[in-house]
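Next come the chains, spelled out residue by residue.
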Amino acid sequence: MSNQTILARVLPFTGWFGGYNFGKLRLDLISGITVALVLIPQSMAYAQLAGLPAYYGLYAAFLPPMIAALFGSSNQLATGPVAVVSLMSAASLEPLATAGSAEFIAYSITLALTVGIFQFSLGFLRLGLVVNFLSHPVVNGFTNAAAIIIASSQFSKFFGVQVDKLPHHYETMLRVAEAALDYTHIPTLIFGIGAVAIMVILRKIDHRIPNVLVAVVISTIISFFMGFNKDTHITASAIKDSGIVQKIEEYNASVLDIKSKSEQRAGLAVKVEKEKRRLQDAHLYKTSELVMLQSEVEILNIKLADAKQHASVLRESLRKVKLLAEPSANAFYPKGSVQGAPTTSKTIWRLAVGNQPIDVNKLKISGGGAIVGKIPAGLPSLELPELKINTFVKLLPVAIIISLLGFMEAIAIAKAMAGKTGQKLDPNQELIGQGLANIIGSIGSSYAISGSFSRSAVNLQAGAVTGLSSVVTSFIVVITLMFFTPLLYYLPQAVLAGIIMMAVIGLINVKSFIHAWQAQWYDGLISITTFLVTLYFAPHLDKGIMIGVALSMGIFLYKSMRPVVASLSMNEEKVLQSAEYYRLQGCRHISVVRFDGALFFANASYLDEQVLKFRSDRPDLRYILLDARGINDMDASGEEALSLLVKRLRSADLGFAMCGLKGQVLNVMKRTGLYDEIGCDHIYADSRAAISAIIKILHTDTDLPADGCDNCPLTTYLPLAEEHIEETVGVGNILAKLSAAAAFAEHSEFDTAQALLASTRNPPLKAPKKP
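An account of the accompanying structure is given in this report. Since we're looking at a predicted model, the values are computed, not measured.

Secondary structure assignment for the protein yields 30 helices and 13 strands. Contacts in the protein between residues far apart in sequence, at least 24 positions, make up 78% of those at least 6 positions apart. Summed over its atoms, the accessible surface of the protein is roughly 37,600 Å², and 61% of this surface lies on carbon and sulfur atoms.

See below:
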């Protein structure tokens, strides 16, 4: 390997500058800026989908695009936050911490590091082919379901309501619908619909217009001038309803009770682990003390679940409270209350209730819509996330799924673009690039990222020549973080929801289910099953993928255990093909059998079963030729089964030969002695030479006519007459089996004879359908 090749593998970006000129630089600059205009608002939207503050999307758009371009193999792939990976990240971490909390943010960054380590390891070890375990039907079903889940998860922001998430996504959506029917903030809904309308119209006018950026700019300006956000703080005493104040106090007590019980559970968990380690050191299994500690943990879990349920009911009740203000008295009354003297102000105020205790002296209420709010100015601090062994083990299963899913998306996009540009791709190098982007991105507070289809398409359409366009994109994000974040303060959250919905709507592809079904019915079934399971178990998205992969592997194993074993005859094109499929007559004396697949332990006995079937169908059979063109590998079990088959056939005075052997199979046969056992004079280069030689042997050394056959189905095209089909596969088949059973019994092959007699009890009475 030359030094130049090593350099290109370690530092792929060194290949950008061969023949580089000012014209190419201009195209890369334009492409980089264009992608940045799409990336900045999209990244903020995707961060919220991942359960993070919006500005963490900008952190994920800072280092990853540049690193992935520098160390990946695709020149046009745009890397950064994407919808599906963002959803997977949020879904996998919500059981561990509350979305948006400091602990949740730390987990998200650590997950990005874990994903990066796994992807880099796969690429470094040249194991990129492992991604093939996610078949196209599985990915298709999952992607369609994920698109629906992502789009519907934004409804709460569209309607301006806030609800707690339930164990299943469809349950959460029902709660959103209930909340929206109770109260919808109309200006929020208008902003969301308006943003979608702007993006749709501009996309139809000219796809080169940065429709996302235009929607963001217009909505932010309108939001600023109309005073869209009306958040303020009051004291609880300003609410002139003792019932509401009492609920607030009860809610605060409930939240503190949850915190206390959580701390108790954490302390007990530490004691349980200590006791387990002590027992392990003492080589003991269990003691009464350990049982008591585990029982206390279980009891506390039940109490904690009840406390959380109680807090959720109170939180939902408080969120439904609608207040009207009386500014002159600095008082707020429940809407519809007969108390007080509501003024001409028609603004409806709602309590902002999160998962933390409500400050009764600084109670936040909202009379408008939600906005992005303050974004910290400047770049994120650069530090490596703390990765403990326990955390790594906990995050690794979901990190593997995100890694494979994210890489599949990235490499599919890269291949599609390479087909247009003619660029050579290296999947393992792309894995290294994506892995390093996640690793180094986590140092800059990025969450898990991948290649983006929409932004890559924009990059290609804008004329990007090299990965330098992605470096320019990262530079534009840096400038935004340092100088322009205050301009995003008044951006409505509903607009970000609209951006997400517009981005994922293109992922829904009903035709792909039909296409998979048309290819193979079981592929269509796998795709539909993955889709339905993912929808049902959401937000636990990994279950859909795992079931889809299990179904795919099951189909693969079944097909490997029962490969196609065909009896061949000459067709119209003078080529040996399946006699059953093409409706051809078979030779009575010679059976040419083709085995399509590796001959290994899982299917070794199947070959013997099929040969037995061909023997039973033809009582006058004299010779079997195994066409081995389809056998690409053979293990010890396959070799043993083939050896026994040869012995069995020859003990029954039947000839056996092989043709079309591949090198790897021939080597196995020579090493085990099977080649010598069959005999080199019974192994032929191709089927034509083999059939010619066998016909000569049969008509020379047996009682068959010496002048041969004029119309042999192995040398002449002889279609099967329709009127004879029923007879051939019906009654005639039974007589043939009875005759063959008698012949096997004469040669003491009693098991074979008994199997044939049993098979005549339920004979097939219908001819196989035409293909």
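The discussion continues.
Right, let's get into the packing of aromatic side chains. Applying the stated rule across the entire model yields 19 aromatic pairs. Both rings, one in phenylalanine 224 and one in tyrosine 490, keep their centres 5.1 Å apart while their planes meet at 70°; by these two values the pair is edge-to-face. Note that phenylalanine 224 is positioned in helix H11 (residues 211-226) and tyrosine 490 in the loop between helix H17 (468-484) and helix H18 (493-505), a separation of 266 residues in sequence. On the basis of relative accessible area, phenylalanine 224 is assigned to the partly exposed category, the value being 44%. On the basis of relative accessibility, which here comes to 32%, the residue tyrosine 490 falls in the partly exposed class. On the basis of an interplanar angle of 75° and a centroid distance of 5.8 Å, the ring pair of tryptophan 521 and tyrosine 522 is categorised as edge-to-face. Members of the aromatic cluster, joined through ring pairs, are Phe13, Trp16, Phe17, Tyr20 and Phe71.

What follows deals with the packing of helix H14 (residues 389-421) against helix H16 (residues 453-461). Orientation of H14 relative to H16, taken along the N-to-C sense of each, is 20°, at an axis distance of 10 Å. By the angle between their directions, the pair H14 and H16 is classed as roughly parallel. Where H14 crosses over H16, the two elements pack in a sense that is right-handed. From H14, Ile413, Met417, Lys420 and Thr421 reach across to H16, where they touch Phe453, Ser456 and Leu460. A per-class count over the contact of H14 with H16 returns 4 nonpolar, 2 polar and 1 charged.

The next subject is the pairing of strand S3 (residues 322-326). Burial runs high along S3: 5 of the 5 residues are buried. Sheet analysis places S3 next to strand S5 (residues 348-351), joined by 3 bridges and oriented antiparallel. Pairing of leucine 324 across the sheet is with isoleucine 348, part of S5.

Along the chain, lysine 261 falls in helix H12 (residues 242-281). Looking at lysine 261, the relative accessible area reads 15%, which means it is buried. With sequence-adjacent residues up to four places away left out, lysine 261 is seen in contact with Leu300, Lys303 and Leu304.

It is worth spelling out helix H24 (residues 636-651) at this point. If you check H24, its first and last C-alpha atoms are 23 Å apart, about what 16 residues at 1.5 Å a residue would give, namely 22 Å. Those residues of H24 that sit buried are Gly638, Glu639, Leu642, Ser643, Leu645, Val646 and Leu649. Axial view of H24: buried residues confined to an arc of 160°, hence all on one face. Taken together, the buried residues of H24 touch helix H23 (604-617), strand S11 (623-627), strand S12 (655-659), helix H25 (663-672) and helix H26 (674-678). A side-chain oxygen of the first residue of H24 lies 3.2 Å from the backbone nitrogen of serine 637; this N-cap is aspartate 635. Within two residues after H24, aspartate 653 carries a phi angle of roughly 60°, on the positive side.

Definitions and cut-offs
- Residues numbered from 1 in each chain as written.
- Predicted model: local features only at pLDDT ≥ 70, side-chain atom pairs only at ≥ 80, totals over all residues.
- Heavy atoms only, no water.
- Helix = DSSP H or I, 4+ residues; strand = E, 2+ residues; numbered from the N terminus.
- Contact = heavy atoms within 4.5 Å.
- Areas by Shrake-Rupley, 256 points an atom, 1.4 Å probe, with all protein chains shown as cover.
- Phe/Tyr/Trp six-rings, centres within 6.5 Å; stacked < 30°, edge-to-face > 60°.
- Buried < 20%, exposed > 50% of the residue type's maximum accessible area, 1.4 Å probe, protein only.
- Axes fitted to C-alpha atoms, helices over the stretch in contact; angles between N-to-C directions.
- Parallel < 35°, antiparallel > 145°, perpendicular 65-115°, else oblique.
- Left-handed = near helix turned anticlockwise from the far one by under 90°.
- Nonpolar A, V, L, I, M, F, W, Y, C, P; charged D, E, K, R; others polar.
- Pairing = 2+ DSSP bridges.
- Expected span 1.5 Å × (residues − 1).
- Arc of directions from axis to C-beta.
- Polar contact = N/O pair within 3.5 Å; in protein donor to acceptor, adjacent residues only side chain to side chain.

All quantities given are derived from atomic positions and should not be read as evidence of function.
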